[in-house]
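So you can see what is in the structure, the chains are spelled out below.
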Amino acid sequence: MAPAVSTAALIEDDPWDMPELQDTGVKWADLDTKGKILRVLTIAAKLILLLGLLYMFVCSLDILSSAFQLVGGKAAGDIFQENTVLSNPLAGLVIGMLVTLLVQSSSTSSSIVVTMVSSGLLEVSTAVPIIMGTNIGTSVTNTFVAMTQVGDRNKFRRAFAGATVHDFFNWLSVLVLLPLEVATGYLVKLTDLIVKSFNIQSGENAPALLNVITDPLTQSIIELDETVISGIAVGDPEAKNKSLIKVWCQTASNTSLSILGNHIFVNTNLSDLAVGLILLACSLLILCTCLILIVKLLNSMLKGQVAVVINKIMNTDFPFPFAWLTGYIAIVVGAGMTFIVQSSSVFTSAITPLVGIGVIKLERAYPLSLGSNIGTTTTAILAAMASPVEKLGNSLQIALVHLFFNLSGIVLWYPIPFTRLPIRMAKALGQLTAQYRWFSGFYIIACFFAFPLLVFGLSLAGWQVLVGVLVPIVAVLIFVIIVNILQKHKPQWLPSVLRSWDFLPQWAHSLEPWDRVVTIMAARCCCCCKCCNVTEEDEETGTQENKDNEIEMYDKPTISVEIKEAKKTSDSCEILKATSL
């Protein structure tokens, strides 16, 4: 008689289920007076520490942006001078991505585009693909932030999906709207109609809400003259010889003399590249430290009743029949919060750890990310409103192009649940990176660096070369996607050979062989690092032990064999440890 087997073990848990947040602490009513005072003081101290870490996190992002501008700002200006390349929409798209990656600020790259349009070097229609590229380039920051949770597989799965849902929205929007814009020019026509229909006057500058708090610290460290990058972009020969580091920071009101700045590098003899690399290393160190501490602090704070309340507020829908409004309210909240902090990167990077630890669902993080795209464009519109009258029309039109591009993407990928492809794609990538965590680095390098550089290089060779190389690659990708869909849903429509990819070598349709290669390389690197750390004293000790072993080998051969066996076992353990790591 066959033994009875429980079916409970056969039921697999959904990896995307939110972790259960239960009130495991002591209830407030059960605490004595001393316990209540200690709890209040502990919560207050943690809140103050959290605000301090968030402040340092935002400041480190600002310094990181300045560091990237020092390292690659002039190169970004030179890239924008390639007007013949910019006439190619695909090249304009990747140039917008590359420049935003170099300066780590979509507002900076957008301001360069606005300057070139206002000066007549670029047509508005030519600048539209560049604006789309800046939208993609700014989404890499929160993808880097998700990498800080790589140590925990489940948290990393949720965090990486929460970060890349923003990437997939931008990529899919560009995939649909860029060809549509090239064919019809609807964004240029729509924004031109809006600008001409309203008698818009030049107004005040955009409100500096968060900068009022962060500028005292960041400007005491470094202050840049961003007009140098714009000058290089418009072809000013003097701008190439200027330093991006601002020396004369302000001008006295009653005299024509400038006042010497007071930041750390105001009198430095170092080059822009050296200062940029120093700031880059320091800001990355502070950024990663703040993120790790924020995640640990949130894990300690979001327990018990607090976690239950926040989870209910963030993830509960409105009652029927108004449940459909919940996502749109989240979009408004995301736009408002991004307008307050004046940076979509800061907002999306802040919610990524919350998705990882299970406080915010991926389905709720998606509309918040869409709202952040809207919020960052409203800041650009207000900044454009402060432009001079002669430049107001073009500046405002470019800002409106950015706004309506994001609104068009929301119309495509949000209202109907079936069209919310970014969520499904982010879950698939999150599941893949949780299984093969090295693939997250490959994704970032391939999508944000290798592909844009490849397209940019082919664009320099001419559009014929670009089309000749990319069209076969795109055709193969489309074929693979269609075959994969048919294999999953309608395999009977395919010939027997294409019903699976088993006819290909395993490395061509599976990451398992590549995972073994990465694991072996990691194990060898760990072994090499361990060998390099051996001191001379250890070497002398090892030499003496080897001599003793040699003497014993001649006296007692059986013991020498046992020593060799033990050494093999020890080496195997070291490799296993490195492999598991």
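Named according to an unreviewed UniProt entry, the protein is Solute carrier family 34 member 2a originating from Cyprinus carpio. Looking at the protein in UniProt, the text filed under Subcellular location (unreviewed entry) is "Apical cell membrane". On record in UniProt, under Sequence similarities (unreviewed entry), the comment for the protein is "Belongs to the SLC34A transporter family."

Novice: Looking at this structure, I do not really get the overall build of the protein. What am I missing?
Specialist: From N to C terminus, the protein includes 23 helices and two strands. Relative to its 581 residues, the protein shows a buried fraction of 40%. The contacts of the protein with a sequence gap of at least 6 include a subset with a gap of at least 24, amounting to 75%. By element, 66% of the accessible surface of the protein is carried by carbon and sulfur atoms, the whole surface being about 32000 Å².

Novice: When you look at the pattern of salt bridges in this model, what are you seeing that I'm missing?
Specialist: Pairing between side chains of opposite charge can happen when the charged atoms of each approach one another. Within this structure, the stated rule accounts for two salt bridges. Here D192 makes a salt bridge to K196, at a shortest N to O gap of 3.3 Å. Taken together, the residues D192 and K196, both in helix α8 (residues 186-197) and four residues apart, mark about one turn of the helix. Accessibility expressed as a relative area gives 65% for K196, which makes it exposed.

Novice: Explanation requested: the environment of L392 in the structure shown.
Specialist: Counting through the fold element by element, L392 comes out in helix α16 (residues 389-413). Given a relative accessible area of 6%, L392 falls into the buried group. Sequence separation of L392 and V195 is 197 residues, and the distance between their C-alpha atoms is 9.4 Å.

Novice: So what exactly am I meant to see when it comes to helix α18 (residues 439-461) here?
Specialist: At 3.6 residues per turn, the α-helix brings residues three or four places apart onto the same side. Relative to the 33 Å expected for 23 residues at 1.5 Å per residue, α18 spans 31 Å between its end C-alpha atoms, a close match to the ideal helical length. A446 marks where α18 bends most, by close to 40 degrees. Buried residues of α18: F439, S440, Y443, I444, F448, P452, V455, F456, L458 and S459, and no others. Following α18 by one or two positions, G462 has its phi on the positive side, about 120 degrees.

Novice: When you look at the side chain of D515 in this model, what are you seeing that I'm missing?
Specialist: Mapped onto the secondary structure, D515 falls in helix α21 (residues 512-532). With no salt bridge to any partner, buried D515 finds its closest opposite charge in R516, at an N-O distance of 7.4 Å. At 2.9 Å, the side chain of D515 forms a polar contact with the side chain of W438. The residues touching D515, leaving out its near neighbours within four places in the chain, are Y436 and W438.

Novice: It is not clear to me how the nonpolar core should be interpreted in this structure. Could you clarify?
Specialist: Generally speaking, nonpolar side chains in soluble globular proteins are found buried as a group. In this structure, V117, M132, V174, Y366, L370, I410 and F448 are the most contacted members of the largest nonpolar core, which totals 68 residues. Broken down by element, the residue count for this core peaks at twelve residues, all from helix α7 (residues 153-184). Setting aside chain neighbours within four positions, we find V174 in contact with L93, M132, I136, P179 and F405.

Novice: Would you mind showing me how to read the packing of α7 against α18 here?
Specialist: The axes of two packed helices give the description: the angle between them and the distance between them. Between α7 and α18, the shortest axis-to-axis distance is 12 Å and the interhelical angle comes to 20 degrees. Accordingly, the angle class assigned to the pair α7 and α18 is roughly parallel. Two packed elements cross with a definite hand, and for α7 against α18 that hand is left-handed. Where α7 approaches α18, its residues F156, F160, T164, D167 and W171 are matched on the opposing element by S440, Y443, C447, F448 and F451. Its residues assigned to classes, the contact of α7 with α18 comprises seven nonpolar, two polar and one charged.

Novice: Even after reading the chapter, I still don't get a nonpolar patch on the surface, so can you show me in this structure?
Specialist: Taken together, the side chains of F318, F322, W324, I329, V333, M337 and I340 present a nonpolar region at the surface, about 690 Å² in accessible area. With respect to the secondary-structure elements, I340 resides in helix α13 (residues 325-341).

Novice: Is there a simple way to think about the state of the cysteines in this case?
Specialist: Should the sulfur atoms of two cysteines be covalently bonded, the bond is a disulfide. Within the structure shown, the criterion is met by zero disulfides. The closest cysteine sulfur to the non-disulfide-bonded C290 is located on C59, 9.2 Å from its own sulfur.

Novice: Looking at this structure, I do not really get the environment of V99. What am I missing?
Specialist: The topology assignment puts V99 in helix α3 (residues 89-103). Note on V99: relative accessible area 0%, which makes it buried. Expressed as a C-alpha distance, the spacing of V99 and G133, which sit 34 residues apart in the sequence, is 8.9 Å.

Novice: For this particular structure, what's the right way to read the packing of aromatic side chains?
Specialist: Centre distance and the angle of the planes are the two values used to describe a pair of aromatic rings. The tally for this structure, following the rule as stated, stands at twelve aromatic pairs. Ring geometry for Y328 versus Y414: centroids 5.5 Å apart, planes at 90 degrees, classification edge-to-face. Of this pair, Y328 sits in helix α13 while Y414 sits in the loop between α16 and α17 (421-435), and the two are 86 residues apart along the sequence. What makes Y414 buried here is its relative accessible area of 5%. Between F439 and F442 the ring centres are 5.4 Å apart and the planes differ by 40 degrees, which places this aromatic pair in the tilted class.

Novice: For this particular structure, what's the right way to read the side chain of T419?
Specialist: Mapped onto the secondary structure, T419 falls in the loop between α16 and α17. Only 3.4 Å separates the side chain of T419 from the backbone oxygen of L412, close enough to count as a polar contact. A polar atom in the side chain of T419 sits 2.6 Å from the backbone oxygen of I416. Dropping the residues within four chain positions of it, T419 is found in contact with L412, W413 and Y414.

Novice: What is the right way to read the confidence of the model for the protein from this model?
Specialist: Low pLDDT means the predicted atomic positions in that stretch should not be read closely. Of all residues in the protein, 70% have pLDDT values of 70 or greater, and the mean over the chain is 76. A low-confidence stretch, residues 251-259 stays under pLDDT 50, and its non-local contacts, those more than four residues away or across chains, total eleven contacts. The model gives residues 545-581 a pLDDT under 50, and that stretch makes ten contacts with residues more than four places away or in other chains.

Each value, and the rule that gives it
- Residues numbered from 1 in each chain as written.
- Predicted model: local features only at pLDDT ≥ 70, side-chain atom pairs only at ≥ 80, totals over all residues.
- Heavy atoms only, no water.
- UniProt positions renumbered as here; feature names shortened; annotations may be inferred.
- Helix = DSSP H or I, 4+ residues; strand = E, 2+ residues; numbered from the N terminus.
- Buried < 20%, exposed > 50% of the residue type's maximum accessible area, 1.4 Å probe, protein only.
- Contact = heavy atoms within 4.5 Å.
- Areas by Shrake-Rupley, 256 points an atom, 1.4 Å probe, with all protein chains shown as cover.
- Salt bridge = Lys/Arg side-chain N within 4 Å of Asp/Glu carboxyl O.
- Expected span 1.5 Å × (residues − 1).
- Bend = angle between axes of the 7 residues up to and from the residue.
- Lys, Arg positive; Asp, Glu negative; His and termini not counted.
- Polar contact = N/O pair within 3.5 Å; in protein donor to acceptor, adjacent residues only side chain to side chain.
- Core = buried A, V, L, I, M, F, W, Y, C linked by side-chain atoms within 4.5 Å.
- Axes fitted to C-alpha atoms, helices over the stretch in contact; angles between N-to-C directions.
- Parallel < 35°, antiparallel > 145°, perpendicular 65-115°, else oblique.
- Left-handed = near helix turned anticlockwise from the far one by under 90°.
- Nonpolar A, V, L, I, M, F, W, Y, C, P; charged D, E, K, R; others polar.
- Patch = residues over 30% accessible without salt bridge, like charges linked within 9 Å, V, L, I, M, F, W, Y side chains within 5 Å.
- Disulfide = S-S within 2.5 Å.
- Phe/Tyr/Trp six-rings, centres within 6.5 Å; stacked < 30°, edge-to-face > 60°.
- pLDDT = per-residue confidence, 0-100.

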